[in-house]
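Chains, contacts and geometry: an overview
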Amino acid sequence: MKLIIMLAVAGGIILNQDGLDAAEAKLSEATQACIECHQVIHPGIVADWQRSRHAQVAPQTAMAVTGLGLKVSSPNVPEALRETAVGCAECHTLRPTEHPDTYEHNGYEIHTVVTPGDCRICHVQEAEQYSRNIMAHAYKNLAENKVYNDLENTILGGLERKNGRIAIQPANAATKAEACYYCHGTQLKVTGKETRTTELAGELEFPKIEGWPNQGVGRVNLDGTLGSCAACHTRHQFSIEMARKPYTCKECHVGPDVPVAKVYEASKHGNIFSTHNKDWEFKAVPWTIGKDFTAPTCAACHVSLVVNTEGDVVARRSHQMSDRLPWRLFGLIYAHPQPIEPDTTVIRNKDGQPLPTDLDGGFASKYLIDQPEMDKRRQTLQAVCLSCHGTSWVSGQWARFENTIRETNAKTLSATRILKEAWAAGLAQGPARKASPFDEAVERRWADTWLIYANTIRFSSAMGCGGDYGVFADGRYELNKAIMDLHDWLELRKQLPPSKKP
Amino acid sequence: MKLIIMLAVAGGIILNQDGLDAAEAKLSEATQACIECHQVIHPGIVADWQRSRHAQVAPQTAMAVTGLGLKVSSPNVPEALRETAVGCAECHTLRPTEHPDTYEHNGYEIHTVVTPGDCRICHVQEAEQYSRNIMAHAYKNLAENKVYNDLENTILGGLERKNGRIAIQPANAATKAEACYYCHGTQLKVTGKETRTTELAGELEFPKIEGWPNQGVGRVNLDGTLGSCAACHTRHQFSIEMARKPYTCKECHVGPDVPVAKVYEASKHGNIFSTHNKDWEFKAVPWTIGKDFTAPTCAACHVSLVVNTEGDVVARRSHQMSDRLPWRLFGLIYAHPQPIEPDTTVIRNKDGQPLPTDLDGGFASKYLIDQPEMDKRRQTLQAVCLSCHGTSWVSGQWARFENTIRETNAKTLSATRILKEAWAAGLAQGPARKASPFDEAVERRWADTWLIYANTIRFSSAMGCGGDYGVFADGRYELNKAIMDLHDWLELRKQLPPSKKP
Amino acid sequence: MKLIIMLAVAGGIILNQDGLDAAEAKLSEATQACIECHQVIHPGIVADWQRSRHAQVAPQTAMAVTGLGLKVSSPNVPEALRETAVGCAECHTLRPTEHPDTYEHNGYEIHTVVTPGDCRICHVQEAEQYSRNIMAHAYKNLAENKVYNDLENTILGGLERKNGRIAIQPANAATKAEACYYCHGTQLKVTGKETRTTELAGELEFPKIEGWPNQGVGRVNLDGTLGSCAACHTRHQFSIEMARKPYTCKECHVGPDVPVAKVYEASKHGNIFSTHNKDWEFKAVPWTIGKDFTAPTCAACHVSLVVNTEGDVVARRSHQMSDRLPWRLFGLIYAHPQPIEPDTTVIRNKDGQPLPTDLDGGFASKYLIDQPEMDKRRQTLQAVCLSCHGTSWVSGQWARFENTIRETNAKTLSATRILKEAWAAGLAQGPARKASPFDEAVERRWADTWLIYANTIRFSSAMGCGGDYGVFADGRYELNKAIMDLHDWLELRKQLPPSKKP
């Protein structure tokens, strides 16, 4: 089949993403008009899109697919969109009245920011699922949580030593957009219009958009929708191959807070991927274990529709990634069961804080999934594992993984107790004195224990122990060292003459 | 030839690893029985194996190869195994009485854990060599060395601050298996049986195995053999391509303690590999320098049978990796000549400790290879270098490398002297007071100097100076900073009022 | 076209780098003589070279190319070199009297170290541009700057605690060559001759060269030229594919001081590269955006001749990489406009130091490019961005980037003020007391803020926010933590009884 494709290329026919249909789909008049200018001024975008399935297969053809291969999950794509390629105009002129950034552009009503609200016209199921994904809420979950705001402020803000104290100057919007909100997503806002002189069409007017550019997973769009499909399905090729390869997840999860890319690269699965992925098929839908790939990528475990060699479904596609996740490994400040709602600002721990755990490691259980739901999600995930591993392998691995959750939570508690002793002794200024728990050196060393090291150890465990990440590379070696540092810091200050304590 | 292979694929014939024989080998009746069920319940394993050379070439055919291309080093493979593919049953029913995990399974005597004792039936030379490899002894070398146990305990154990002291709670088996012993290998033990209800065959009984799963290089197997060939020759494709690519070594050597993967990726050799390996031939045996590859991978320097373009042997295959290594760069606590015996628990330094060097940098020479042996190993290794580099290049590089060993050992000594001063002053509790040298913050900072930074600098040097690893990335910048920190720590404590010292 | 190439391979014709001319170029008699021996003793070099364009295309043919595809920029390549392949002898016997390492070797005048002075015979424009590149001056810029020497000394030198003080023993030449000067380049010097017994030709005499081997970008060659083209165009394949892939830049820029490789790998551009580069064309000259590649590599933005799909030049080739760079992000100790001259030893800040900025963040503006030049360079760079991104995207990104420069410079100033307070109080020994600002623990923690963290944040910003590098991975989290640490260090020492201060 590879040969056939190559002959096709040799013959001059453009190759689409999965070889399904070697002819390009017809372009709408509007898209032709876009391309006429933009292929000169933005050749990269146009050429990239030309390699996409959107350029090759009209919705009509895609909707005719039956069974698991169906990609266009909307049964009722508007007639007007069905027979032409999904081109520039199809997306950038969709739902014009719902986009506050719509502007007149050479006779067309264009909007700059294409959103999940547009994509859902064809991909309704994926848009629905994603709206319930915690990622879609990543902006609000960070921006509207007072504890996280405080941590964010101490990370991004300007620090100035004045009169023997550190004063914090909050970060501006540009800094925020380059830091936390690059991944979490910015809040977009039309702030006016501007006129620019263009090369091909003279003076033109464009909307000014605050928070732009951004492709964060939880971007708050101008039409009120949440997220950017381009976070994973990179514009304008929207390649499923890219979404399925681990490099996409790496953009936001390289670590050290959530070091999944590093751990994966050093894991057995990552080793197999790195060696053999050149021989794998990344575009097939459904994705067949053993035939299309021989080791999981991030997508295989967490997102993709995967089947066995007989075509039976092993795991259903889900854009609500936590569907296959019982535990939330990211420590806040302890690992805990996944939250019930994707909007986590509603959570309250026993101390009334908007956190899924309290300082002593208790879970805010009312807001977290219960054991039956955890079991269900574990089974959904393990179905993927069991396609290559025996039951004793999988249950043995899982038992260790849950042991590691308990172990690292216990170590976070050890670290926290030392800090609480420092707060109690007035050697650091903690919550009891209405001070931030994040703005002193010793507090930041404490933050390392759960934000960097405990997380790293857990993610290493979750991926079958990726290399040194369980030990030396931000692992247990560092975690215990940090606890020893906290102890050393405290002991030293306790030795100082009392009157001199800060 | 590539074209021919592709035509074969187009024609529907399954492709074996090196195109030698396009037909699948005949399957034994037993393996057919395995596959019947397992291709449904474990499609990943079966499909992976189908891509392997084991599935394509029967031992008979493989044994007929003459000269350097011979892969099956046993001249006397049992007749019963010669004419069928090396399938599920061939390995998992071999030597049943020697495997305590053998159990009855649908009429066959199956064992779960395939060991080097099984692999040696066909690959006797490799199994022999590997048994003398220090890696094969990685379990015992760690688990039965009191000094390393102490370090392990302070890294993995739970820490609790109580009454102004840190108490350590030893790690449980699950934590150990996820940390040090993931790479070193676990000790396996049958602890009983369990009955599980299976989808295809109803109730079945399986052995329960403590320490499972694990594929560490020094796994202590149920049949008494050491190691897991699957550590590098990943199940069930057992691809030589994978073993020869650096991703395999990265699983355990990503660093920062032994950062070979990171250093290699940033080295000139790694750059060439990353750019051009797509055009290389990773399956050829022997492996021809220049023709098959144009820069070394880990395997080319340390393991593989490599020849020049005239077919002359440049280096013989060795699964005793230290065959080409005069120095052991990993600091314990100083770099030193390779140990004579792979079982390093026999070593004693001048202070009676089971360490290849003493605290002042002296070598436990009686247990380490001597200069003639070092020279011989250096020459074996340099033969590979000299296939691409002139003599002055290679000797110039080597002189710098040995300078770096002296330099970093000297810097470790500087750090150690500061710590000894702290111990002598009672500011930290060291060996003289029967205390662990690893369980205080200042001791851990000291450990950074030899375990992380000096190692990194030496591995960077060994690979021709990979990128920043000799300087900023855990290199000399960090090493000297750590020494300054030790000094700063000590000076500060010396300033405190004497009565207040801990 | 791919198919055609493969048929050619199947037919036994050697494939040259870009398929332009399937026949090998004729070899000179001298090169044939070289190859006769060296293909046996150095098969790797010879085979590598045989894959090069130098082996396939004689200068005559290459010079006949018109337009943007021209690679041999010298109009007057000597007649004697035009009709044969660019083989061993062509480079290693060129300009013999100008090379102090020329020696008689089997009837030929050979020099070991090929230099930009040799390469310029055919590639004059590239050699000219490179000579004005700051990289060409990397040796002197480091070795002849007193402030940098001091920093280098505290990083590479041996540290010894004596009488309560740290004494520094300067590093030897071998250590320097393995560390800073591996990338910066060594200074080469012929120190004599040596006789070696060779396998094929008995006793032969060779020059001894101090500083060899080295391929640093600023190597000071024996013929007086600066740099090594092989730093990026790796011997002996000299593949443009390699120079254009990011792995080459990674050799020196993996970080953490200049973490461009890490940031790129985690960026959107890097994600696209990692997924799709297997389908890109890396050898085409000029390099067409959209057709040959769909996301930039380092070379696309900073070096290569890139055109749009209509063949219009988007950016001209430049081996003076700063041509497209208004800002120098590397903090010395603050980010600042690019220096006017590539020899930066001429720079003086307001305090008379050879630094582009002063301790309070002021620019040594007289030695740095002005705003009009910065604008010009920004536009040259942005032309590449604008081939895929709209104006509002690019200007939005740029505004954030310049905000980040201001933000990180301000944070470096905060850190510096704390250190100055420590110096003023005599708690550390600074420049005012003629002491190094780099040789105490607290000073090194300060160095982290600008050398590691501020740099990382700026490079992350420059590449559109690569992953965690703006936040947790040596980013703002660490920068603010370091400032808190400096404050904590100072506060503690201020609490000590005055008489006890060092």
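Residues numbered from 1 in each chain as written. Chains lettered and ligands numbered in written order. Predicted model: local features only at pLDDT ≥ 70, side-chain atom pairs only at ≥ 80, totals over all residues. Heavy atoms only, no water.

Where charged atoms from two side chains of opposite charge come close, those side chains can pair. This model, assessed by the stated rule, comprises 105 salt bridges over all chains. Here A:Lys268 makes a salt bridge to B:Glu251, at a shortest N to O gap of 3.1 Å. One end of the pair, A:Lys268, is in helix H17 (residues 268-276); the other, B:Glu251, is in the loop between helix H15 (246-250) and helix H16 (260-265), on a second chain. A salt bridge links C:Arg493 to B:Asp488; the nearest nitrogen and oxygen atoms lie 3.1 Å apart. Of the two residues, C:Arg493 sits in helix H22 (residues 476-495) while B:Asp488 sits in helix H22 (residues 476-495), which places them in two different chains. Of the residues examined, C:Arg493 reaches a relative accessible area of 7% and is grouped as buried. When its relative accessible area of 19% is taken as the criterion, B:Asp488 is described as buried. The network of salt bridges with common partners includes A:Lys250, A:Glu265, B:Lys250, B:Glu265, C:Lys250 and C:Glu265. (Salt bridge = Lys/Arg side-chain N within 4 Å of Asp/Glu carboxyl O. Helix = DSSP H or I, 4+ residues; strand = E, 2+ residues; numbered from the N terminus. Buried < 20%, exposed > 50% of the residue type's maximum accessible area, 1.4 Å probe, protein only.)

On the chain C side, the residues contacting the 67 residues of chain B number 75 residues. For the pair chain B and chain C, the summed buried area comes to about 6,200 Å², and 56% of that belongs to carbon and sulfur atoms. Our count for the contact surface shared by chain B and chain C stands at eight salt bridges. With its nearest N and O atoms 3.0 Å apart, the salt bridge here joins B:Lys278 to C:Glu241. Between chain B and chain C we count 40 residue pairs in polar contact (both at pLDDT 80 or more) in total. Contributing elements (two or more residues each) for the side of chain B that touches chain C: helix H1 (2-10), helix H17 (268-276), helix H20 (391-424) and H22 of chain B. Among the elements that line the side of chain B that touches chain C, the one with the most residues is H20(B), at 15 residues. (Contact = heavy atoms within 4.5 Å. Buried area = accessible area lost by both parts, 1.4 Å probe. Polar contact = N/O pair within 3.5 Å; in protein donor to acceptor, adjacent residues only side chain to side chain.)

This brings us to the relation of the copies chain B and chain C. Mapping chain B onto chain C leaves a residual RMSD of 0.0 Å; the transformation is a rotation of 120° accompanied by 0.0 Å of translation along its axis. The transformation relating the two chain copies, once decomposed into turn and shift, fits a three-fold axis. Identified as the residue of chain B closest to the rotation axis by C-alpha distance is B:Leu496, at 4.4 Å. Looking at chain B, a mere 6% of its interface residues are interface residues in chain C too, so the copies touch through different faces. (Least-squares fit on C-alpha atoms with pLDDT ≥ 70 in both.)

Right, let's get into the packing of helix H2 (residues 29-41) of chain A against helix H3 (residues 43-50) of chain A. Residues and elements named next belong to chain A. Where H2 contacts H3, the axes come no closer than 6 Å and their chain directions differ by 125°. Classified by the interaxial angle, the pair formed by H2 and H3 is oblique. Residues Thr31, Ile35, His38, Gln39, Val40 and Ile41 of H2 touch H3, and the partners they reach there are Pro43, Val46 and Trp49. The residue inventory of the contact of H2 with H3, partitioned by class, reads six nonpolar, three polar and no charged. (Axes fitted to C-alpha atoms, helices over the stretch in contact; angles between N-to-C directions. Parallel < 35°, antiparallel > 145°, perpendicular 65-115°, else oblique. Nonpolar A, V, L, I, M, F, W, Y, C, P; charged D, E, K, R; others polar.)

Attention now goes to helix H19 (residues 371-385) of chain C. Residue and element names in this part refer to chain C. The end-to-end C-alpha distance of H19, which contains 15 residues, comes to 21 Å, matching closely the 21 Å that a straight helix rising 1.5 Å per residue would cover. By the burial criterion, the buried members of H19 are Met374, Arg377, Arg378, Leu381, Gln382 and Val384. In an axial view of H19, the angular spread of the buried residues amounts to 135°, which keeps them on one side of the axis. Turned more than 90 degrees away from the buried face of H19, the exposed residues are Pro372 and Lys376. If you follow the buried residues of H19, they end up packed against helix H18 (298-302), strand S8 (306-307), strand S9 (313-315), strand S10 (327-328), strand S11 (336-337) and helix H20 (391-424). (Expected span 1.5 Å × (residues − 1). Arc of directions from axis to C-beta.)

Overlaying chain B on chain A yields an RMSD of 0.0 Å, the required transformation being a rotation through 120° with an accompanying axial translation of 0.0 Å. Interface residue correspondence from chain B to chain A reaches only 5%, placing this contact among heterologous pairings that use different surfaces.

Residues A:Tyr477, B:Ile155, B:Trp446, B:Trp450, B:Leu451 and B:Ile483 are the most contacted members of the largest nonpolar core, which totals 47 residues. Counting only elements with at least two residues in this core, the list comes to helix H10 (138-143), helix H11 (146-156), helix H13 (180-184), H20, helix H21 (441-462) and H22 of chain B. If we skip the residues at most four places from it in the chain, B:Leu451 touches A:Phe472, A:Tyr477, B:Leu151, B:Pro256, B:Asp257 and B:Phe330. (Core = buried A, V, L, I, M, F, W, Y, C linked by side-chain atoms within 4.5 Å.)

All names here are of chain A. All chains considered together, the criterion is met by three disulfides over all chains. Just so you know, Cys301 is unpaired, no disulfide at all, and the nearest cysteine sulfur is the one on Cys385, 6.1 Å from it. With relative accessibility at 18%, the residue Cys301 sits in the buried group. (Disulfide = S-S within 2.5 Å.)

Okay, the packing of aromatic side chains next. Tallied over the full model, the rule gives 54 aromatic pairs over all chains. Judged by centre distance (6.3 Å) and plane angle (15°), the ring pair of C:Phe438 and C:Trp446 falls under stacked. C:Trp446 shares its class with C:Phe438; the two are buried. A connected cluster of aromatic rings, assembled from ring pairs, spans A:Tyr247, A:Tyr264, A:Phe273, A:Trp280, A:Phe282, A:Trp287 and A:Phe293. Above the ring of A:Phe206, the side-chain terminus of A:Arg196 is found at 4.0 Å from the ring centroid. Positioned above the aromatic ring of C:Trp287 is the side chain of C:Arg244, whose terminal nitrogen or guanidinium carbon lies 4.2 Å from the ring centre. (Phe/Tyr/Trp six-rings, centres within 6.5 Å; stacked < 30°, edge-to-face > 60°. Lys NZ or Arg CZ within 6 Å of the ring centre and 35° of its normal.)

Among all residues save glycine, negative phi is the norm, and among peptide bonds the norm is trans. Cis geometry is found at the peptide bond from B:Leu332 to B:Ile333, where omega equals -15°. Mapped onto the elements of the fold, B:Ile333 is located in the loop between strand S10 (327-328) and strand S11 (336-337). Although it is not a glycine, C:Asn106 sits at a positive phi angle of roughly 50°.

To continue, consider the sheet that holds strand S8 (residues 306-307) of chain B. Hydrogen bonds between backbone groups are what pair the strands of a sheet, and the pairing can be parallel or antiparallel. Residue and element names in this part refer to chain B. An order of S7-S8-S9 is seen for the three strands of this open sheet, with the pairing classed as mixed. What marks the edges here is a single partner per strand, and that holds for strand S7 (287-288) and strand S9 (313-315). Sheet analysis places S7 next to S8, joined by two bridges and oriented parallel. Within the sheet, the bridge partner assigned to Thr288 lies in S8 and is Val307. (Pairing = 2+ DSSP bridges.)

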